[in-house]
Amino acid sequence: MNSGFRFLNQDNHRVQDSLPASLDLPALSRETIVPGSGSPLVDQFGEDLEPSFNQSGAFSPELAEQLIGLGCDHYQSGQYETALNFFKQAYAGYQALNNEAGQVKCLTSIGLAFYNLKHYSKALEYSQIALVLAHQIQDQRNAVKILSTMGNAYRHLKEPDKAIEYQLQSLALAQQIQDHTGEMAALNNLGLAYKMIGNYEQSIAYEEQSLAIARELKDQQVEEQILKNLGNACYALGAYTKAIDYYRQRLEIARSLKAPRMEAQILRNLGNAYYAAGDYQHSIECGQRRLEVSRELNDRRGEEQALGSVGVSYDALGEYAKAIDYYEQRLAIARMIQDSRVEDQVLGSLKVAYFAIGDYIKAAEYAAERQNLSRN
């Protein structure tokens, strides 16, 4: 079953009353989850869609719908400024038409666009107006989404109390109207808010409830994101065994989705968790697999980082010759991409590793190279 729930560039939103039921709203950031329903926007609006006035030259419902559709199209392409322009034009149109449902939709979209532009105060400003109007016309499903947006914005503004307050309101309303995707979003976002204030136990409790709903809805993309948030919260708490479990579940989903970049990111987190737990051998395996994926993707940064993590794990095992091999490969890439910070770090690691095996001449050479680098 597809829950109609999506992340950045794929989230959908149910339209109320006179608006077409297939018209979709944009989503929030990849970390956050927002409620929605409907089919993908790209199925409803083609690239050749152009707004058209009616014969009198006045705004028509069709024109307003086309404008917000074009706004969503640009939003989904990451062109948030252009999307804002279309959303604002559509809002003016719905005002002229006295269409309050359309106004709520546009204001919500404007708030989301500002959120993605990291203009969180502006996102709150438009979301607050949208919320008042949504309450007036009893648009509860939109209100669930707006409250969630406001909570997320407050979290980014470092106001966790308000973030939690608005997410709790979103959760209560979603449960009241049996909006399961809205409930799942609020629970996830509450987890993020509690993680922000260091209450990792409460964060994990909310994320686990969110995960249960995601699995009931059978939406792997949402499940994958919640597993990431759970793994991160457990890692921050120092519960490395649980973090490893969640990261491994997430890795299975990434592989089933054939998403190599996601796999590489998860392998990084998983390798770090194994290292923190003192399981250096499994940390090495994660780093080596990440190295393979990064090379397949021609991702030099990922390759450099993977080489570093494998080297550090071999270092921790006391296998200095192997650590040196990976460090020297990492050094070559650091110089290739002209990253002096990483170069300095690797030179230091090489100095220590060569010293550990008793090769004091090589240790001194790398120490000198590091000193020369700091002078330049």
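Above: the structure in question.
Residues numbered from 1 in each chain as written. Predicted model: local features only at pLDDT ≥ 70, side-chain atom pairs only at ≥ 80, totals over all residues. Heavy atoms only, no water.

Draft legend 1. Examining unusual backbone geometry more closely. Positioned with a positive phi, N298 is a non-glycine residue whose angle comes to about 55 degrees. With respect to the helices and strands, the residue N298 is situated in the loop between α12 (280-296) and α13 (300-316). A positive phi angle, near 55 degrees, is found at Q338, a position not held by glycine. Here Q338 is to be found in the loop between α14 (320-336) and α15 (340-356). (Helix = DSSP H or I, 4+ residues; strand = E, 2+ residues; numbered from the N terminus.)

Draft legend 2. Inspection of the nonpolar core at higher detail. With 79 residues, the main nonpolar core has Y75, F87, I110, I146, M184, I226 and L270 as its most contacted residues. If you look at the next biggest cluster of nonpolar residues, it comprises 22 residues, including I284, V342, L350 and A353. (Core = buried A, V, L, I, M, F, W, Y, C linked by side-chain atoms within 4.5 Å. Buried < 20%, exposed > 50% of the residue type's maximum accessible area, 1.4 Å probe, protein only.)

Draft legend 3. Summary view of the packing of helix α11 (residues 260-276) against α12. Two numbers describe how α11 lies on α12: the axes approach to 8 Å, and their chain directions differ by 160 degrees. Between α11 and α12, the angle is such that the two are roughly antiparallel. Note on packing geometry: the crossing formed by α11 with α12 is left-handed. In contact with P260, E263, A264, L267, R268, L270, G271, Y274 and Y275 of α11, α12 contributes Y280, H282, S283, C286, R289, R290 and V293. Taken together, the residues of the contact of α11 with α12 sort by class into 9 nonpolar, 3 polar and 4 charged. (Axes fitted to C-alpha atoms, helices over the stretch in contact; angles between N-to-C directions. Parallel < 35°, antiparallel > 145°, perpendicular 65-115°, else oblique. Left-handed = near helix turned anticlockwise from the far one by under 90°. Contact = heavy atoms within 4.5 Å. Nonpolar A, V, L, I, M, F, W, Y, C, P; charged D, E, K, R; others polar.)

Draft legend 4. View of the pattern of salt bridges. A full pass over the atoms with the stated rule returns 19 salt bridges. When the shortest N-O distance is used, the salt bridge between R335 and E369 registers 2.6 Å. Of this pair, R335 sits in helix α14 while E369 sits in helix α16 (residues 360-375); the two residues are 34 residues apart in sequence, bridging distant segments of the chain. On the accessibility criterion, R335 (38% relative accessible area) is partly exposed. Taking the shortest distance from any N to any O, the salt bridge between D344 and R370 comes out at 3.1 Å. (Salt bridge = Lys/Arg side-chain N within 4 Å of Asp/Glu carboxyl O.)

Draft legend 5. Here's a closer look at the state of the cysteines. By the definition in use, this model includes 0 disulfides. In this structure C106 is a free cysteine whose sulfur lies 8.8 Å from that of C72, the closest cysteine sulfur available. (Disulfide = S-S within 2.5 Å.)

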